[in-house]
Amino acid sequence: MPEIIDLRSDTVTRPTPAMRAAMAAAEVGDDVYGEDPTVNLLERRAAAVFGREAALFVPTGTMGNQIAIRLHTQPGQEVIAESRAHVLDWEMATTAVFSGCLIRAVPAEGGILTWKHIEPAIQPIGNFRAATGLIEIENTANLAGGRIIPLAVMEEIWNKAKERKLPTHLDGARIFNAAVALGVDVLTLTRGFDTVMFCLSKGLGAPVGSMLVGSEQQMACARIFRKALGGGMRQVGVLAAAGLVALEDGPKRLQEDHANARLLAEALAYTPGVSLDLDRVETNIVIFRLTAGFGAPELASRLKARGVLVSAFGPDAIRIVTHRDVSRAECIDAAEALTEEIEVVTTGGLA
């Protein structure tokens, strides 16, 4: 079998030696009782990095987002989100099941939701339609190809939302990627949102875990909702220890992932049969389409046989995600395999 080059997601990274050492040495206690010192340290550190009063360690980003939605809404309300948002497509309808809310999907060009898109979708309290309870933003925008929502756009959203007395939540699963690309710290980039979720287990490289940050009162309620979702973990400092290493070391090398994504994108952009806008490749995600309108599952299968793993979305779209465990040399090898196999899939190998 060939050596695997796994470009399906940045969730596939393995713990670094530093993480494994920290996990082995972690001081632990029962976190449901609030007695795990390593978890408590991680939560304090995350809160400080984002300039918040408190934070909560959760096993997944989905759980963090769904706790936040429950915090901010009442059953029967709507949550405004972009039409390709993770909370809509990839969180198992939990907004409906757990919070009793409907997601109002708003299409936005290039996945960048702005106040211009949001304002017409806001519904006031009334007798005929569900009222808006929350505005949810995703930065970077995963299925828009890891695009960054600029700070000025987010500032307008959270300022206008406050004027309308509407809370805002940021799905910042990859907010550190956005911060590195923009050259802005995450505190500045997220300061106006009522709550922020970010993942330790994506670009930052931890094996497990995400964080939800907000006020002390919000996080006290969030702890109850985490328990309701089955997220009350016990001696979980062994995982929080890896999260501390990820939070400290992970952001320092994200630019490498962005450069590797750019390398792959540039190779693909000039490959016949591929539709890809290079201007939209801003972080560590590349999404391209096959102009034939089909062939993505076959392409993913052929690449797998060559030891390159990618994700097919529908009949014609492929997503590639770079991360710490894929080197520059491996990305060059993957680019060669991609261009060769795209030719086979789109032309049948005929010149």
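Heads up: the structure comes first, above all this text.
Residues numbered from 1 in each chain as written. Predicted model: local features only at pLDDT ≥ 70, side-chain atom pairs only at ≥ 80, totals over all residues. Heavy atoms only, no water.

S.K.: What exactly am I supposed to notice about the packing of aromatic side chains here?
M.R.: For any pair of aromatic rings, geometry is given as the distance between the ring centres together with the angle between the planes. The full count for this structure, using the stated rule, is 6 aromatic pairs. Judged by centre distance (6.1 Å) and plane angle (90°), the rings of Phe98 and Phe225 are edge-to-face. Of this pair, Phe98 sits in helix 5 (residues 94-99) while Phe225 sits in helix 10 (residues 216-228), and the two are 127 residues apart along the sequence. For Phe225, a relative accessible area of 18% gives the class buried. An aromatic cluster is present here, built from Phe50, Phe176 and Phe198 joined pairwise through their rings. Taking NZ or CZ as reference, Arg70 lies 4.5 Å from the ring centre of Phe98, over its face. (Phe/Tyr/Trp six-rings, centres within 6.5 Å; stacked < 30°, edge-to-face > 60°. Helix = DSSP H or I, 4+ residues; strand = E, 2+ residues; numbered from the N terminus. Buried < 20%, exposed > 50% of the residue type's maximum accessible area, 1.4 Å probe, protein only. Lys NZ or Arg CZ within 6 Å of the ring centre and 35° of its normal.)

S.K.: I would appreciate a short explanation of the sheet that holds strand 13 (residues 317-321) in the present structure.
M.R.: Strand order in this open sheet of 4 strands is 9-10-13-12, and the pairing throughout is antiparallel. Every interior strand has two partners, whereas the edge strands, strand 9 (274-275) and strand 12 (311-313), have only one. Strand direction decides the pairing type here: strand 12 and strand 13, joined by 3 bridges, are antiparallel. Bridging from a neighbouring strand, Phe313 pairs with Ala317 of strand 13. Of the strands in this sheet, strand 10 (285-290), strand 12 and strand 13 touch helix 13 (residues 296-305), which is tilted by about 40° from strand 13. (Pairing = 2+ DSSP bridges. Contact = heavy atoms within 4.5 Å. Axes fitted to C-alpha atoms, helices over the stretch in contact; angles between N-to-C directions.)

S.K.: I tried to follow the side chain of His258 on my own but got confused; where do I start?
M.R.: Assignment of secondary structure puts His258 in helix 12 (residues 254-269). Polar contacts involving the side chain of His258 include one to the side chain of Asn177, which spans 3.0 Å. Dropping the residues within four chain positions of it, His258 is found in contact with Asn177, Val180, Ala181, Glu282, Thr283 and Asn284. (Polar contact = N/O pair within 3.5 Å; in protein donor to acceptor, adjacent residues only side chain to side chain.)

S.K.: Would you take a moment to explain the sheet that holds strand 6 (residues 168-171) for this structure?
M.R.: Sheet strands associate in pairs through backbone hydrogen bonding, adopting either a parallel or an antiparallel arrangement. Pairing within the open sheet is mixed, and its 7 strands lie in the order 2-8-7-6-5-3-4. In this open sheet, the two strands that pair with only one neighbour each are strand 2 (54-58) and strand 4 (102-106). Along the sheet, successive strands turn relative to each other by an average axial angle of 20°, direction set aside. Here strand 6 pairs with strand 7 (residues 195-199) via 3 bridges, running parallel. Each bridged residue has a counterpart across the sheet, and for His169 the counterpart in strand 7 is Thr195. Relative to strand 7, helix 3 (residues 61-72) is tilted by about 170°, and along the sheet it contacts strand 2, strand 3 (78-82), strand 5 (132-138), strand 6, strand 7 and strand 8 (210-214).

S.K.: Sorry, what's going on with the environment of Arg280 here?
M.R.: As for its placement among the helices and strands, Arg280 is situated in the loop between strand 9 and strand 10. In the structure, Arg280 is positioned 142 residues away from Glu138 in sequence and 16 Å away in space, judged by C-alpha atoms.

S.K.: Got a minute to help me understand the pairing of strand 7 in this structure?
M.R.: Remember that side chains alternate between the two faces of the sheet whenever the strand is regular. Among the 5 residues in strand 7, 5 count as buried, and that is most of the element. The side-chain alternation of strand 7 yields two buried faces, one formed by Thr195, Met197 and Cys199 and the other by Val196 and Phe198.

S.K.: It is not clear to me how unusual backbone geometry should be interpreted in this structure. Could you clarify?
M.R.: Trans peptide bonds make up the majority, and among non-glycine residues the majority have a negative phi. In this structure, Thr140 follows Asn139 across a cis peptide bond, with omega equal to 5°. On the secondary structure map, Thr140 appears in the loop between strand 5 and helix 7 (151-163). Positioned with a positive phi, Ala93 is a non-glycine residue whose angle comes to about 60°. In this fold, Ala93 is placed in the loop between helix 4 (86-89) and helix 5. Here the phi dihedral of Lys165 falls at roughly 60°; this positive angle occurs in a residue that is not glycine.

S.K.: Explain the pairing of strand 8 to me, please; I cannot follow it from the model alone.
M.R.: Most of strand 8 sits inside the fold, with 5 of its 5 residues counted as buried. In strand 8, alternate side chains face the same way, and those of Ser210, Leu212 and Gly214 on one face and Met211 and Val213 on the other are all buried. Note that strand 2 and strand 8 share 5 bridges and pair antiparallel. Paired with Ala54 across the bridge in strand 8 is Gly214. Of the strand pairs in this sheet, strand 7 and strand 8 are connected by 4 bridges, and their pairing is antiparallel. By the bridge assignment for strand 8, Phe198 is matched with Met211.

S.K.: Would you mind going over the packing of helix 12 against helix 14 (residues 328-347) with me for this structure?
M.R.: To characterise two packed helices, one gives the angle between the axes of the helices and the distance between these axes. In the contact formed by helix 12 and helix 14, the axes pass within 9 Å of each other and the chain directions differ by 20°. By the criterion of interaxial angle, the relationship of helix 12 to helix 14 is roughly parallel. Of the two elements, helix 12 crosses helix 14, and the hand of that crossing is right-handed. Within the contact between the two elements, helix 12 uses Ala259, Asn260, Leu263, Leu264, Ala267 and Leu268 and helix 14 uses Arg328, Cys331, Ile332, Ala334, Ala335, Leu338, Thr339 and Ile342. (Parallel < 35°, antiparallel > 145°, perpendicular 65-115°, else oblique. Left-handed = near helix turned anticlockwise from the far one by under 90°.)

S.K.: Sorry if this is basic, but what is going on with the packing of helix 8 (residues 175-182) against helix 12 here?
M.R.: Orientation of helix 8 relative to helix 12, taken along the N-to-C sense of each, is 85°, at an axis distance of 9 Å. One way to sum up the angle between helix 8 and helix 12 is to call them roughly perpendicular. Contacts between helix 8 and helix 12 involve Phe176, Asn177, Val180 and Ala181 from the former and Leu254, Gln255 and His258 from the latter. Residue composition of the contact of helix 8 with helix 12, grouped by class: 4 nonpolar, 3 polar and no charged. (Nonpolar A, V, L, I, M, F, W, Y, C, P; charged D, E, K, R; others polar.)

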